[in-house]
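Spelled out, the chains give:
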Amino acid sequence: MGKNIALDDGYTSDFIQPHELEYIQPEIDTAHRLLHEERGAGKEFTGWLDWPRRDHAELLRVKKLARQIRENAEVFIVVGIGGSYLGARSALELMNHTFFNQLVPEKRQGPAIYFAGHHMSAAFFSHLLDVVREKEIMLNVISKSGTTLETALAFRVLRRFMENKYGRVEARKRIIVTTDPEKGLLKELTDREGYPTLTIPGSIGGRYSVLTAVGLLPMSVGGVDVDAVLAGARAGYQLYSVQKLRENPAYRYAAVRNLLYRKGKRLELLVSYEPSFYYFIEWWKQLFGESEGKDQKGIFPVGMNFTTDLHSLGQYVQDGYRNLFATTLWIEQPQTDLVVQEEETDPDQLNYLAGRSWHEINARACAGTMLAHTSGRVPNLKISIPEITPYFYGQLVYFFQKACAISGYLLGVNPFDQPGVEAYKKNMMDLLQQ
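Since we're looking at a predicted model, the values are computed, not measured.

(A) Here's a closer look at helix α12 (residues 278-292). Relative to the 21 Å expected for 15 residues at 1.5 Å per residue, α12 spans 21 Å between its end C-alpha atoms, a close match to the ideal helical length. Here α12 has its buried residues at Y279, F280, I281, W283, W284, Q286, L287, F288, S291 and E292.

(B) View of the nonpolar core. Grouped together as the largest cluster of nonpolar side chains are 96 residues, with contacts concentrated most on L217, Y253, F277, F280, Y393 and F400. Top contributing element to this core by residue count: helix α15 (residues 390-411), with 15 residues. The residues touching F280, leaving out its near neighbours within four places in the chain, are S90, L94, L329, Y393, L396, V397 and F400. Within the second largest apolar cluster, 23 residues are counted, among which are F125, F155, Y166 and V177.

(C) Local environment of the packing of helix α9 (residues 213-221) against helix α10 (residues 226-239). Here α9 crosses α10 at 135°, and the two axes come no closer than 9 Å. Classified by the angle between their axes, α9 and α10 sit oblique to one another. For the pair α9 and α10, the contacting residues are L216, M219 and S220 in the first and V226, V229 and L230 in the second. Considered class by class, the residues forming the contact of α9 with α10 number five nonpolar, one polar and no charged.

(D) Quick look at the side chain of Q395. With respect to the helices and strands, the residue Q395 is situated in helix α15. With a relative accessible area of 0%, Q395 lands in the buried category. Not counting residues up to four positions away in its chain, the partners in contact with Q395 are N4, I5, G232, A233, A235, G236, L239 and Y240.

(E) View of unusual backbone geometry. Between F306 and T307 the backbone carries a cis peptide bond, its omega angle lying at 10°. With respect to the helices and strands, the residue T307 is situated in the loop between β8 (300-305) and α13 (314-319). Residues other than glycine seldom take positive phi values, yet E38 does so here, at roughly 55°. Here E38 lies in the loop between α1 (18-36) and α2 (57-72). For E38, a relative accessible area of 49% puts it in the partly exposed group. The phi dihedral of Q109 is positive, around 55°, even though this residue is not glycine. Mapped onto the elements, Q109 comes out in the loop between α4 (105-108) and β3 (112-116). With a relative accessible area of 57%, Q109 lands in the exposed category.

Rules and cut-offs
Residues numbered from 1 in each chain as written. Predicted model: local features only at pLDDT ≥ 70, side-chain atom pairs only at ≥ 80, totals over all residues. Heavy atoms only, no water. Helix = DSSP H or I, 4+ residues; strand = E, 2+ residues; numbered from the N terminus. Expected span 1.5 Å × (residues − 1). Buried < 20%, exposed > 50% of the residue type's maximum accessible area, 1.4 Å probe, protein only. Core = buried A, V, L, I, M, F, W, Y, C linked by side-chain atoms within 4.5 Å. Contact = heavy atoms within 4.5 Å. Axes fitted to C-alpha atoms, helices over the stretch in contact; angles between N-to-C directions. Parallel < 35°, antiparallel > 145°, perpendicular 65-115°, else oblique. Nonpolar A, V, L, I, M, F, W, Y, C, P; charged D, E, K, R; others polar.

Written as structure tokens, this is what we have:
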């Protein structure tokens, strides 16, 4: 591939001096060694690092199961929460038709895909069952332990629903479980029932698992070329293993955001100008929020969709409390485009835009916004993606995973655990058992 993902940090020049990047290089070198030599905190969960370079026998099984689902189901339900669903959903939202589920099956060339088990809304679940009740269904439940309440509760209802609809024997063929290969309640249930199974590697935490079967099966069912996704991630491994900041945009992103943090910038806004980035930003929020938010430290990750949010939160970004910076995701070549047509009487006074594409207009909005916010003392970064393809999706995922690991070590925390998540779970279970 000729082009790669690029980082533009020129809009931070008023906030970070060149020598500061030189001074942080030794810290980057240390973080790199901690990660690549498996000497840092959480080293037992760094299996994602070279995952795209490995030969995966299970990838063939993923593709085989995906074909079976596409041939036998009108609806595919993915049951999971956090890293068990956000990565796959982000890929499907980015690379598929905006209204994928509403397309006729002939255009979709596969089942409609729904997600459940990521909250405990009875209304949502009841309405989902109303939509799928008369359809041919297959589902994939994703959980390493099987004890996460939101997912376990949804799966209990769906398992009973499937057994009532198909009978227990047929239901077993239509429920695919992605879980720990050796232990856990879900593993025990799977062994008892004989469900088709995929594995979550023990050395990879949930928020880093999108390039495993966790994300690849739903992607493949949705028609995404998973070989190209992994090829992009492999390219990312090579690109983002160089230690020098001027040659490694992922490390430079980690360095710049940490330098801004040290200057009091405690919130990062990840901004996109395409609504299809919504779930990718949700995945990014979990990745950085769970990885960095500990020991009373961390940059708070916030997602925004421009230009929409400029009409609600833009005022605060421009003139509010100066504790934030923005990182913009920008697609160089859009999936589709429109051209403004000239109208004879110019009733809306938009003829000055005639002949220009919507993408060009959006680009001007992006440039104008970055200039305005920078002048308002909000540092800006820009991450440019050549186009949204499976290859560049895989590269972008790896970009952020690598940057997050390095950023966590720069911050002085373990980027691979999430002790705070367990606090709410314990309190919730204690209250429910009372």
